[in-house]
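# Geometric and topological summary
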There are 2 protein chains.
Amino acid sequence: MSDAVIKKAPVRRRKEARPQELTAAALSLFVEKGFAATRLDEVAARAGVSKGTLYLYFDSKEALFLAVIREGIVPVIEEGRKLLEAHADDPERMLREYLFGWWALFGSTELGGVPKLMTSEAQNFPEVAQYYVREVIQPGKALMREVLDRGVAKGVFRQTNSELVTHILMAPLLHLALWRHSFAVCCQVPDMDPAAYLESFFDLVLKGLAVTPEGGK
Amino acid sequence: MSDAVIKKAPVRRRKEARPQELTAAALSLFVEKGFAATRLDEVAARAGVSKGTLYLYFDSKEALFLAVIREGIVPVIEEGRKLLEAHADDPERMLREYLFGWWALFGSTELGGVPKLMTSEAQNFPEVAQYYVREVIQPGKALMREVLDRGVAKGVFRQTNSELVTHILMAPLLHLALWRHSFAVCCQVPDMDPAAYLESFFDLVLKGLAVTPEGGK
DNA sequence: GATAAATAACTAACCAGTCAGTTATTAAGT
DNA sequence: ACTTAATAACTGACTGGTTAGTTATTTATC
């Protein structure tokens, strides 16, 4: 009789892995349904535990939210910085790496849903929003600004208001991520190849930033 | 004695005006707190009525949501179209009018919060999302595409993948609106003048779309 | 006083957070 | 090895507060 063996329902104990399993489950559900519409029972179920277990690791739903942001994103920023440093001498290449690296490391992954999540919930959770601005948005923008400044210094890009242009250049990236996690899901979008999108964007920006022929610099 | 007149205040009957008052109240609350986190009691209170009254005009919370989108946005699209037709012969001017008109008619108003709202809730309310895509996003994009195509036809803009570029050009506009209704609220943003932002954006795009000096076309 | 508009009290369902109890794992005693 | 004790991980039923949606009643208007 194999019953005796088969009947063993697993219920594994793995204290170490739980928080990550829970934040991963929470991330995907928060992104999919929004924070308020996500039930903690569902988060727990997706992580393969009960809701009670969730509360062994996180004090509250909001604490879980913060952990999702913290664990998910902050490490990626550092990765991005390293990626760019590899091309510090070539601003055009740096810009290109920024766009495609952003997509590869962030936008195309599960984390690509975080901008949507944070945008939706910023007002409801000011502390999380401030953390996100400080640890993600500002470093990300600073990195972009460095690309621009370096291009100007090298005479490859024309002078612009780099604060504003940084903001502007982030927008199509974020838009791509937001789109994928909102309208793209429920409304069939025939052709929206991220690579082609980024290529068009890169092309547009490169020409938009080129030093003007007349006037020189 | 004016008391007799003044005292009359409490319950006004105005069947005609109610739906608009309610959708206006709902819009501001949905934008501020998100759909799920908004209480119908609060919507009713802000419109100066009770929750029961709300149900005289809308079948459900979702029906109210749809009405908010329908009544709020659709009229604005038509206004925008008319605005652009006034400059049909000058693509550069048309592009400029698009950007600043979008801001004046839409982004800077209460409606500017709708992109945030729709992005957050698209997955939870696919029917509303489809309506929004069909009635707002597609017409808005079509209008932008017309600007681009006209520019190409006139030899003012270079040839591009207009489907992708349209998407890309909408992004900084939407980003401006999203930003204002999310992070800008809880984290002090020192300088983010919409006019300067749009000016920088216009400048960037105009140069990005200019026919290339060599090659001419 | 008849009808339409609006209300406020109500219900049913839902869900974040709790906790008494269960099961797996480890340690100690024999 | 083999039982027993102690601990750590986990569970799921429960609670208390909340809210979408309903309805019996009140209030205004003609």
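Bear in mind the structure is a predicted one, so any value in this text is a computation, not a measurement.

### Side note on the overall build of chain A
In terms of helices and strands, chain A carries 11 helices and zero strands. Within chain A, the proportion of its 217 residues that are buried is 39%. Partitioning the intrachain contacts of chain A with sequence separation of at least 6 by distance along the chain shows that 67% fall at a separation of at least 24.

### With respect to the relation of the copies chain B and chain A
Of the two same-sequence chains, chain B is brought onto chain A (RMSD 0.1 Å, axial shift 0.0 Å) by a rotation of 180 degrees. Expressed as an axis order, the relation between the two copies is that of a two-fold axis. Measuring from the rotation axis to each C-alpha of chain B, the shortest distance belongs to G208 of chain B, at 1.9 Å. Taken together, the interface assignments show that 100% of the residues at the interface of chain B recur at the interface of chain A, consistent with an identical surface on both copies.

### Quick notes on the interface of chain B and chain A
Contacts between the two partners involve 40 residues from chain B, matched on the other side by 40 residues from chain A. Elements with a contribution of two residues or more to the side of chain B that touches chain A: α2 (18-33), α7 (114-121), α8 (126-153), α9 (162-180), α10 (183-186) and α11 (194-209) of chain B. The element that contributes the greatest number of residues to the side of chain B that touches chain A is α9 of chain B, accounting for nine residues. For the side of chain B that touches chain A, a count of residues per class yields 23 nonpolar, 13 polar and four charged.

### Concerning the confidence of the model for chain A
For chain A, per-residue confidence averages 89 on the pLDDT scale, and residues scoring 70 or more make up 89% of the total. Segment residues 1-10 of chain A: pLDDT under 50, and zero contacts once partners within four positions in sequence are set aside and those in other chains are kept.

### Here's the deal with helix α5 (residues 61-85) of chain A
All names here are of chain A. The terminal C-alpha atoms of α5, which comprises 25 residues, lie 38 Å apart, in line with the 36 Å expected from a rise of 1.5 Å per residue. Those residues of α5 that fall on the buried side of the exposure criterion are L64, F65, V68, I69, G72, I73 and G80. Of the surrounding elements, those touching the buried residues of α5 are α2 (18-33), α6 (91-107), α7 (114-121) and α8 (126-153).

### Quick look at the environment of E163 of chain B
Here E163 of chain B lies in helix α9. Along the chain, E163 of chain B and W103 of chain B lie 60 residues apart, while their C-alpha atoms are 22 Å from each other.

### So, helix α6 (residues 91-107) of chain B
Residue and element names in this part refer to chain B. Along α6, the helix axis deviates most sharply at G101, where the bend reaches about 25 degrees. Among all positions in α6, only P91, M94, L95, Y98, L99, W102, F106 and G107 are buried. In this structure, the buried residues of α6 make contact with α5 (61-85), α8, α9 and α11.

Rules used throughout
Residues numbered from 1 in each chain as written. Chains lettered and ligands numbered in written order. Predicted model: local features only at pLDDT ≥ 70, side-chain atom pairs only at ≥ 80, totals over all residues. Helix = DSSP H or I, 4+ residues; strand = E, 2+ residues; numbered from the N terminus. Buried ≥ 20, exposed ≤ 12 C-beta atoms within 10 Å, placed from the backbone. Contact = placed C-beta atoms within 7 Å. Least-squares fit on C-alpha atoms with pLDDT ≥ 70 in both. Nonpolar A, V, L, I, M, F, W, Y, C, P; charged D, E, K, R; others polar. pLDDT = per-residue confidence, 0-100. Expected span 1.5 Å × (residues − 1). Bend = angle between axes of the 7 residues up to and from the residue.

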